[in-house]
Every structure is written in structure tokens, then in C-alpha cells.
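What the coordinates show
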Amino acid sequence: MDSFFRSEEMCLVQLFFQTESAHNCINELGHLGLVQFKDLNPGTVAFQRRFVKEVKKCEEMERILRKYSRFDKLEQELKEINSNRDTLRQNFTQLMEINHLLKVFDAFLFYLHDRFVAGVIKHERFPAFEKILWRLFHGNFVLRHEDPVKKDVFVVFVQGDQIRGKIRKLCDGFHASMYPCPNNAYARKEMRTNVNTRIEDLRLVLKRTEEFRETTLTAAAANLQEWASKVKKMKAIYYTLNLCNIDITQKLIVAEIWCPVSDLNSVHTALIHGSEQSGSSLSPVVNRIQTQQTPPTFNRVNSFTSGFQSIIDAYGVGNYQEINPAPYTMVTFPFLFAVMFGDCGHGLVMTLLALWLILHQEHFRKLKNELIDMLVDGRYIIFLMGLFSIYTGLIYNDCFSKSFNVFGSSWSVRPMFHPHGPWTNDTLHDSGHLHLDPLVSGVYSGNPYPFGVDPIWNIASNKLSFLNSYKMKMSVIMGVAHMLFGVTLSLVNYIFFRNLKDVALQFIPEVIFMLSLFGYLIFLILYKWCVVMKSESAPSILLLFINMMLFDYSSEGTVLYRTQKPVQIFLVVVAVLMVPWLLFAKPLLLYRKHKQLKFLSLPFCLSLFFGVKKAFVSLQVSMADIFVYQGIHTIEYCLGCISNTASYLRLWALSLAHAELSEVLWKMVLQVALRVTSGMGSVLLAVTFAAFAVLTVTILLVMEGLSAFLHALRLHWVEFQNKFYKGSGYKFTPLSFNRMRDMQ
Amino acid sequence: MAFAIPMVIVTLFWGFVGGVVPWFIPKGPNRGVVITMLVLTAVCCYLFWLIAILSQLNPLFGPALSNDTIWYLQFHWR
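Source: prediction; values computed, not measured.

Let's shift gears to empty space enclosed by the protein. Residues and elements named next belong to chain A. If you walk through the whole model with that rule in mind, you get three cavities of 30 Å³ or more. Quantified by volume, the largest cavity comes out at close to 200 Å³. Contributing elements (two or more residues each) for the lining of the largest cavity: helix 15 (463–496) and helix 20 (650–674). Class assignment of the residues belonging to the lining of the largest cavity gives a composition of eight nonpolar, four polar and six charged.

Below is the structure:
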């Protein structure tokens, strides 16, 4: 059997290589992606590790790459560009201020004072400025200001140079920038044109600087990806080196790795390659060692099986070399989904969607959206779900809530009328609904519809009475079959681990318990289906089952077949006997074995007295543990049989919900538009169909699809897997650069 | 008698899918997985079809139809 049915056999290997070739060798192993390094320095903190400086350097480089997109000499260039740009911006702001100043200056012309100070000051400082001016000069000045932008443009007209000097000093104190303004209008106009030209020039220069900056950055960005991945690889290599041991001579590195046995050769080749690259003379030594530690669980998957393996691992990674439920889940999960989804029209849409995802996989992955990534990862699952839904939809005879009549229905109406049957034309006038009676000859042809549910049920008003009974029984049959399959897989596990004791002590009582009760229930269902009986005398299977457990045979008409009573009593007694077998047999056997061991070892243990005493104490504790554990397992299994079987009824419930929703969409949305007879009907139909399509996709495909997915998953995780799966292993996480790159 | 025909055909079909096709899957790393999938598909689908047909074999009650439906069916179905 290939490795997908069971996790691969792993071995613990010691590697010895020289310090110079360490980097190259680990690089080769990272590309191979098949080894997991064990931590040989578990006690040391991150800061105490040997290569912590190198790791820090790599992290620093990563940070730079992520945030600022600068690197090495590029950093200097960019710094230069940025400072140039800042100076230019400053000049630009100054020129703009002068421009504003000149603009408003003309408004102040009618003041005849010929000395003035003109400038620009920050808006919030202006009131203080004004106040101090008043305090100092007692109104011997005229101050005018305007507020074009955030800054205030002001002019102070004064008489006398001394005052002007003082005001200049005041302006300096307030960090207001002063500009010389010419007296006459002509000079001002000239200055304005001058300033405007300079502004235009500066604008151009600024634009060019920005463009240059952009081109340098884009050139850098092209290499960015490459640098980032290189830094990531280096960081991973140094991190791995931190896990290894360095011996005293500082020349040899010792590493311990977990590796699949079948890949030992490729690992060896990769190491030789790495050491050749680094030019070292000695080739690395590969030494396989025996160990008691539990190896990690490794399931080799390809792109088709990885989706299913990941949904199994989401619940729990399997124990080392325990049976892997994934290959069976690949069919049973989409199948149980389809039983709950059961509509061939919706199934077809789902299959086409999955095909689209499969064919354009790279395109979707480039979008880097989390939700779409999840859909793309599960594309094969969705594809299989769609395919099986088409099949179950054909069996349920449900396509967008309508049925196909391919083979001709088995029910006919004509024989119900005179002279064959009880109806006349008057009967039709009297009542709204009439039941066809299968006992009248000819009404039921005697041969069931060859493929699926008869199409007459789609137009019958008591459709649910038939479908509910059919689907509930179907769910119970599917459930018991699924659970029996799970219990059988536990047998396969016991045989693989050579645990034949558990086969007799656990597997056999479990199987007999389940078969005697629920296998018999299946038999009753099949018997009632296959044998002809009158409707009045047909006993309800549920009541039969309940009475069987209560040993109640008093009521009339409770037999399906002649020898029912003794058979049922026998089966219940057998089932009840299985419970103490499950509960007590294994712990008692273990107890006896340990007692024998203890008595045997006493004469030899005078010198080992301490050891035996400790062992004896630990034995007592573990005996109680074993009893409790076995008790829990028995209760869980026996009660679980009943509750899990009932849990499978969700197959019925969800398929009912889906069918009803789809019928509502047909009756209340599309049929309304189809019944309109006026000319506008076609327009209305087009609009209504759009609504129908949107509702179908969002409610029936997305919502019901997610719901059925979840419930099918739960049925696998709980009802199926608790029969055989332990799921407490740890996953094999090899050093793999491909995986790191895909995870970005 | 007409019940036997679909029974035989469908049983043979799924028997072929689950029992004969696995022998022709070429050797490769995926052989075991493909065979498992074929067998499980055949078993699941056959069981599902079998339940559907057995449940309709001996009906205990018939469909309840409205007047209009009965009127239509009386003339249009044979």
C-alpha cells in the first residue's frame, strides 16, 4: 500500500558536516524539502543561540525591504534626492508667499506713509503680534493684514526708520518672514511677473525630481522580490543552524533530522552536492540512529489529495503510522455532501464553477485574496461535490425543484376510474385532492421507477409523506454503513500494530453490539420494503424497535415475520452482554498480567528494592487509569452508537431544507413571471430570472453549500472518526523553501 | 419481470466500475488511491440507487393529486 493510506515510516538521522559547508548543505536540504530538523538545544533561550547575530541582521534587512524599499547604495541615492526635494519645496513656498503679498499690496495703496514693513506670519501668531505692536508704538503705525492661506500677509506702515528697525526685530522674534516690496506700482508689477516665472520654473524642477525618484524606486522594486526571498532563505538557514550543535573544535556541526526512510538516498546526494559547492574536502556523514521518540506524521500528498488531507488534519493530525482517513474521505465526504445537497441543476452549476477554478488556478492565486485562496485550495473538493450532487440529484429526481420523467411513471390515474376503480366524474367535482390507492389493480404498475424517485411525487400534494419516510430510512442505512466502515478500519489498525489482543477485547464486542442492534434495524427496514403487506397491518419500525428494547410484545400486530419475538430477544441479550465484555475484559487482563510480573520480579529485586517499589506504586495508579479509560470508552461507544445513528438523520433534514427552499424559489419567483400572459411578460420574465439566478446562487449554492459542507465535515470528524482515529500526532514540517515561498 | 431489467443493468454497471476497472489502472504512485476511490464510489452510488428503488417497490400509500392534475393525467398519460 502506498504511503497515502498510512503515514510514512520515518527515521532519525544524525548529520555531521563541516562549518564552512554548513550554509551550502542546509541550502540544498531546504530546496529538497524533505527533512525536519530537531532542536538540539531546547534549553537555550533565543538570545543565547550561536547564530543569533546573523538572524538579527537578516531580520533587520527584511524590515528595511518591507517598509522603505531601500537597500545599500540605493539608500544613499534616495537620501540625496529627498533632501534636494525639501530645499526646492522650501523655495517654492517662499515664492508663493511673495506672490500673495504682492497681490494684496495693491489694496493698501492709499496709505501715504512711505515707510513700511511687509511680510508673512503664521496665522496663530498674528493676534499676539498685533498686541505687541500696539503696546510698543501706541498706535503710531497702520497695520493691515489678509489671510490667503494658513499664513497671514501683513503690512505695517510707519513714519520713521527707527520704528521700522524695531518692527523688523519684532518680526524676527515672531519668526515672520519679511520680503522687500518696491514702492511704485510698475516695479511691483515687474516683481510679480518675475516671481511668477520663478514659480513656474520651480514647479518644473520639482516635477522632474519626483519623476526621477519614481524611476529609481521602480528599478529597485523589480529586484525587491528577489532580495526579499534571498533574505528569507538566509534567515531560515541561520535559524536552522541555531538548532544544531557545534562541537568543541568549532569545526564540526552536528544536526539531528527526521527524514522519510524512502528519501534517505536523495538527502545523502543533496548533502554531497552542498559540500562540493562549498569546496570542502570532506563529505558529510549520515548516520541513522534508533530512537524511542515518536516520529512526526508525514503523508505524501499531491495537488489533488492535499485539500482532503488538510481537512482531516484540521481536526487532528494522525498518530505515527496510524491509518489515514483521507483516501476514504475523498469519496465519502463529497458523497455525504451530495446526499444533503441533492439537486442536479445546482450540482451542475457547482461543477462548472469548480472547473473554472481548476482551469484558471494561477490567475486566481495572483489576486491574493484570502477567501478566493481558500476556494482555490479546495477546487478539487468542490468539483467532486458537484459531480456527486448531479448523481444524487438525478436519484432524488430534483432539478431546480422539477422532476424528469424519462422512463414513464409507475403510477397511472385511469385505473382509478370506473369500471376499474372507485372514482367517477362526480368524485372529481366533490373534493380537491384524491389519493391514488395502490391496492386497486393497475394504479401501481408493480414495477418501481427504474432510476430514482418516481416523477409523480413531484406533483403530488402528499409528496413529503413519502419523501420523509424514504429519506429518513436512507439516512439511517447510510449512517450505519459509514460507522461500520469506521469500526472495520480500527481492525486494520490493530492488525498493523500487531495488537491482536485488542481485536478480541475491543473490536469483536464493538462490532457485535452495533450489528445486533443497528444491523437488525437495517434488516427491518429492508424487510418492510421488500415484502408486500397491507397498509393497515404494517407496523411502524420505530415502535418495533422501541418495543424490542423494552421487551414489550403485548400489543397486537407487532410482528413483521413469524419468528420475530425470539430473534429479537436473542439479539438484545447479546448486545447487553457485549457491554460488560467491553468494560471489564481488557482491564482485568492487564491487571492479571501486571500482577504476574510483580510476583515474578520480587525474588530478584533485593538490590533493586527502590525500583520495584516505585514500579509497584506506579502500577497501582495506572490500573485505576486503565479502568476509568475503559469505562469511558465503553460508555462513549455504546451510547455513541445510538446518538451517532440519530445524528445521521441530518442527511434527511438538510436535503429536505434544500428541496423546500428550491421549491419556494420556483413557486414564488420564477413561476409568477411565467404565468403572466400580457405582452410585458417577457420583460418581467427577464428581470425575474435575474432575481431567481441571484437568489439561487446566494441562498442555495453558497449558503446551503456551506451548510452541507459543514455538516458532512462534522459527520466525518465525529461520527466516523471516533470509531478508529486517535489523531494526536504532530505534523512533519520539513525545511522547505518552496513551502515558504508559497506561504507568502 | 420488468423490475429485473433495471436491477441487472445497474448492478452490472456499478459492478464493472468497482470490480473490473480497478484491474486496468496503470501502475504508478497513485494506483492505490484511484482504486480506493473507484470502489468506494461504486459502493456508495449503488447503495444509494438500491435504497431509492427498494423503497418504491411495495408502496403502502399512493400520491394525492389535485383535481386538475388528475384531469390532465387521465387524458395525457396512457
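Turning to the interface of chain B and chain A, a few remarks are in order. How big an interface is tends to be reported as the loss of accessible area on association of its parts. At the junction of the two partners, chain B supplies 45 residues and chain A supplies 65 residues. When chain B packs against chain A, the two sides together hide about 5000 Å² of surface, and 71% of this comes from carbon and sulfur. At the junction of chain B with chain A, the criterion picks out zero salt bridges. Those elements that place two or more of their residues in the side of chain B that touches chain A are helix 1 (4–20), helix 2 (31–55), strand 1 (64–66) and helix 3 (67–76) of chain B. Taken together, the residues that form the side of chain B that touches chain A break down as 30 nonpolar, 13 polar and two charged. As paired strands, strand 10 (residues 433–435) of chain A and strand 1 of chain B are joined by three bridges and run antiparallel to one another. Considered in strand 1 of chain B, the bridge of His435 of chain A is made with Ala64 of chain B.

All right, on to the environment of Phe417 of chain A then. For Phe417 of chain A, the position within the fold is in the loop between helix 13 (379–396) and helix 14 (425–430). Its relative accessible area of 6% is what places Phe417 of chain A among the buried residues. Phe417 of chain A has contacts with Trp423, Thr424, Asn425 and Leu428 of chain A together with Ile70 and Gln74 of chain B, leaving out every residue within four places of it along the chain.

Another point: helix 15 of chain A. Along its 34 residues, helix 15 of chain A runs 49 Å from first to last C-alpha, staying within 8% of the 50 Å computed at 1.5 Å per residue. Phi turns positive one or two residues past the end of helix 15 of chain A, at Arg498 of chain A, with a value near 55°.

Owing to its 3.6 residues per turn, the α-helix aligns residues three or four sequence positions apart on the same side. Between its first and last C-alpha, helix 16 (residues 500–530) of chain A extends only 40 Å over 31 residues, short of the 45 Å set by a 1.5 Å rise per residue. Considering bend angle alone, the principal kink of helix 16 of chain A is centred on Leu515 of chain A and spans about 35°.

It is worth spelling out the UniProt feature "transmembrane region" (unreviewed entry) in chain A at this point. Sites flagged by UniProt as "transmembrane region" (unreviewed entry) map to residues 335–359, 379–396, 476–497, 503–526, 538–555, 567–585, 597–616 and 683–703 of chain A. Strand forms 0% of residues 503–526 of chain A and helix 100%; the C-alpha atoms that close the span are 30 Å apart.

With that out of the way, let us pick up a nonpolar patch on the surface. Residues and elements named next belong to chain A. Together, Leu542, Leu543, Ile546, Met549 and Leu550 make up an exposed nonpolar region whose accessible area comes to about 510 Å². Tracing the chain through its elements places Ile546 in helix 17 (residues 541–550). Taking relative accessible area as the criterion, Ile546 reaches 41% and is therefore assigned partly exposed.

So, about unusual backbone geometry. Residues and elements named next belong to chain A. The backbone phi angle of Ser401 is positive, close to 70°, even though this residue is not glycine. Unlike most non-glycine residues, Phe551 shows phi in positive territory, near 55°. With respect to the helices and strands, the residue Phe551 is situated in the loop between helix 17 and helix 18 (564–601). The class of Phe551 is partly exposed, set by a relative accessible area of 43%.

Moving on, we come to the nonpolar core. With 119 residues, the main nonpolar core has Tyr470 of chain A together with Phe48 of chain B as its most contacted residues. Among residues more than four places away in sequence, those in contact with Tyr470 of chain A are Ile395, Tyr396 and Val453 of chain A together with Phe48, Ile51, Ala52 and Ser55 of chain B.

Residue and element names in this part refer to chain A. A complete count under the given rule lists 38 aromatic pairs over all chains for this structure. Summarising the aromatic geometry, the rings of Phe126 and Phe129 are spaced 6.4 Å apart at their centres and angled 50° between planes, so their arrangement reads as tilted. Residue Phe126 and its partner Phe129 are located together in helix 4 (residues 126–137), separated by three residues, close to a single helical turn. For Phe126, a relative accessible area of 4% corresponds to the buried category. When the ring of Phe523 is compared with that of Tyr527, the centres are 5.8 Å apart and the planes differ by 40°; the resulting orientation is tilted.

Residue and element names in this part refer to chain A. Of note, Leu524 is situated in helix 16. Under the relative-accessibility criterion, Leu524 is labelled buried at 0%. C-alpha of Leu524 to C-alpha of Leu560: the two residues are 36 residues apart in sequence and 8.3 Å apart in space. In this structure, Leu524 is in contact with Ile541, Leu544, Leu560 and Tyr561, ignoring residues within four places of it in sequence.

For chain A, per-residue confidence averages 85 on the pLDDT scale, and 92% of positions sit at 70 or higher. Predicted confidence in chain A is weakest over strand 4 (residues 141–146) of chain A, with a mean pLDDT of 74, and strongest over helix 13 of chain A, with 96.

The residues that UniProt annotates with the feature "transmembrane region" (unreviewed entry) are residues 6–25 and 32–54 of chain B. In residues 32–54 of chain B, helix accounts for 100% and strand for 0%; the two terminal C-alpha atoms are 33 Å from one another.

The subject of this paragraph is the pairing of strand 1 (residues 10–18) of chain A. Residues and elements named next belong to chain A. In terms of burial, strand 1 is a largely internal element, eight of the nine residues being buried. Sheet topology places strand 1 next to strand 8 (residues 252–260); nine bridges connect them, and they run antiparallel. Directly across from Val13, in strand 8, lies its bridge partner Ile257. Across five bridges, strand 1 lies against strand 9 (residues 285–289) in antiparallel orientation. Its bridge partner being in strand 9, Val13 is matched across the sheet by Arg288.

Judged by its relative accessible area of 0%, Phe129 of chain A falls in the buried class. When neighbours within four sequence positions are excluded, Phe129 of chain A is seen to be in contact with Ile121, Phe154, Leu170, Cys171 and Phe174 of chain A.

Residues and elements named next belong to chain A. Within the fold, Gln321 resides in the loop between helix 8 (306–315) and helix 9 (326–341). Accessibility expressed as a relative area gives 17% for Gln321, which makes it buried. Residues in contact with Gln321, not counting those within four places in the same chain, are Arg6, Ser7, Glu8, Glu9, Phe496 and Phe497.

The next thing to look at is the pairing of strand 8 of chain A. Residues and elements named next belong to chain A. Burial runs high along strand 8: eight of the nine residues are buried. Alignment of strand 2 (residues 36–37) against strand 8, held across two bridges, turns out to be antiparallel. Opposite Phe37, over in strand 8, you have Ile257 as the bridge partner. Of the pairings in the sheet, the one linking strand 7 (residues 245–246) to strand 8 comprises two bridges and is antiparallel in character. Note that in strand 8 the partner of Ile246 across the bridge is Ile253.

Residue and element names in this part refer to chain A. Relative to the assigned elements, Glu704 resides in helix 21 (residues 681–720). Salt bridges are absent for the buried Glu704, whose nearest opposite-charge side chain, Lys471, sits at 10 Å. Beyond its immediate chain neighbours, meaning those up to four positions away, Glu704 contacts Phe341, Leu654, Ala657, His658, Leu661 and Ile699.

It is worth spelling out the pattern of salt bridges at this point. Residue and element names in this part refer to chain A. Summed over the entire model, instances satisfying the criterion amount to 13 salt bridges over all chains. Residues Asp263 and Arg300 are paired through a salt bridge, measuring 2.9 Å at the closest nitrogen-oxygen approach. Here Asp263, found in the loop between strand 8 and helix 7 (264–277), pairs with Arg300, found in the loop between strand 9 and helix 8; they are 37 residues apart in sequence, far enough to count as distant. Residue Arg300 is classed as partly exposed on the basis of its relative accessible area of 32%. One salt bridge connects Arg714 with Glu719, and the closest N-O pair in it is separated by 2.9 Å. On the accessibility criterion, Glu719 (0% relative accessible area) is buried. One salt-bridge network, held together by shared partners, links Glu8, Asp263 and Arg300.

Rules behind the numbers
- Residues numbered from 1 in each chain as written.
- Chains lettered and ligands numbered in written order.
- Predicted model: local features only at pLDDT ≥ 70, side-chain atom pairs only at ≥ 80, totals over all residues.
- Heavy atoms only, no water.
- 1 Å grid on protein atoms, 1.4 Å probe; cavity = no way out; pocket = protein on both sides within 12 Å on 5 of 7 lines; lining within 4 Å.
- Points joined across faces, edges and corners; volume = space filled by probe spheres on them.
- Helix = DSSP H or I, 4+ residues; strand = E, 2+ residues; numbered from the N terminus.
- Nonpolar A, V, L, I, M, F, W, Y, C, P; charged D, E, K, R; others polar.
- Contact = heavy atoms within 4.5 Å.
- Buried area = accessible area lost by both parts, 1.4 Å probe.
- Salt bridge = Lys/Arg side-chain N within 4 Å of Asp/Glu carboxyl O.
- Pairing = 2+ DSSP bridges.
- Buried < 20%, exposed > 50% of the residue type's maximum accessible area, 1.4 Å probe, protein only.
- Expected span 1.5 Å × (residues − 1).
- Bend = angle between axes of the 7 residues up to and from the residue.
- UniProt positions renumbered as here; feature names shortened; annotations may be inferred.
- Patch = residues over 30% accessible without salt bridge, like charges linked within 9 Å, V, L, I, M, F, W, Y side chains within 5 Å.
- Areas by Shrake-Rupley, 256 points an atom, 1.4 Å probe, with all protein chains shown as cover.
- Core = buried A, V, L, I, M, F, W, Y, C linked by side-chain atoms within 4.5 Å.
- Phe/Tyr/Trp six-rings, centres within 6.5 Å; stacked < 30°, edge-to-face > 60°.
- pLDDT = per-residue confidence, 0-100.
- Lys, Arg positive; Asp, Glu negative; His and termini not counted.

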